[in-house]
Amino acid sequence: MSPGRLLLLSALLMLAAPARADRNSEDRLRDQLRNTITQLRALTQENASLKVQLAQAQARPVEDPGKAQRLQHDIQQLRGEREALQAQLTQRGGELQQLQEAQQSAQQDYRRLQSTLLADHRRAEAADAALTECLADNRSLLGVVDELALRYQNRGFADVLLSREPLTGLRQAQLEQTAQRYRDQAATLRAGSKNP
């Protein structure tokens, strides 16, 4: 068997050998593409060598009439193998193109999801800042309400007379209702600030 055929046989065996399980499909396709190109180059070189041998054989007087026929047969066989390798190369190129398009699509989806997550994160930060501000405002309001309720509770008879309140006590009842409403609101705010 000629060295060219051994090279061709070993190249075909390399194509038939299963790839390692941990390599992804794109790497396998690239490796197969490189192997196919290498094989194609080797076959092209062998074809050129056989053509030279054929030309030399045709220029010399025929010593062995079967040798020229064998060389012609070898050339035809190599052409067929080259065409098969060209078809494989075209197929691998198409598969590689499809994988690259799928990868680009996945990258676009990833970028779109990443921007959505970033926007959601910014909205959550803004909501958190607003919540913190609301809680601070509620605490301040609670302090004001507590102060108003305390001032009202400590109000004495002299204060009532000084503010020109009539002796009927109508104003007193209204102020007590207002104070109770403030106390209720303050209690509600306290409950809300404990469980934000």
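Shown above is the structure to which this text applies.
Residues numbered from 1 in each chain as written. Predicted model: local features only at pLDDT ≥ 70, side-chain atom pairs only at ≥ 80, totals over all residues. Heavy atoms only, no water.

Colleague: What is the right way to read the overall build of the chain from this model?
Modeller: When helices and strands are counted, the chain shows five helices and zero strands. For the chain, the α and β elements follow one another from N to C terminus as α-α-α-α-α. Across the 196 residues of the chain, 18% fall into the buried class. Taking contacts inside the chain between residues at least 6 apart in sequence as the whole, the part at least 24 apart equals 74%. A total accessible area of about 14700 Å² is found for the chain, and carbon and sulfur atoms account for 55% of it. (Helix = DSSP H or I, 4+ residues; strand = E, 2+ residues; numbered from the N terminus. Buried < 20%, exposed > 50% of the residue type's maximum accessible area, 1.4 Å probe, protein only. Contact = heavy atoms within 4.5 Å. Areas by Shrake-Rupley, 256 points an atom, 1.4 Å probe, with all protein chains shown as cover.)

Colleague: Can you walk me through the environment of Ala55 in this structure?
Modeller: Considering the arrangement of structural elements, one finds Ala55 in helix α2 (residues 25-59). Here the alpha-carbon distance between Ala55 and Ala68, two residues 13 residues apart in the chain, equals 9.6 Å.

Colleague: Could you clarify how one ought to interpret the environment of Val145 in this entry?
Modeller: Looking at the element boundaries, Val145 is found in helix α3 (residues 65-153). On the basis of relative accessibility, which here comes to 5%, the residue Val145 falls in the buried class. Through-space distance from the C-alpha of Val145 to that of Ala179 is 8.8 Å; in sequence the pair is 34 residues apart.

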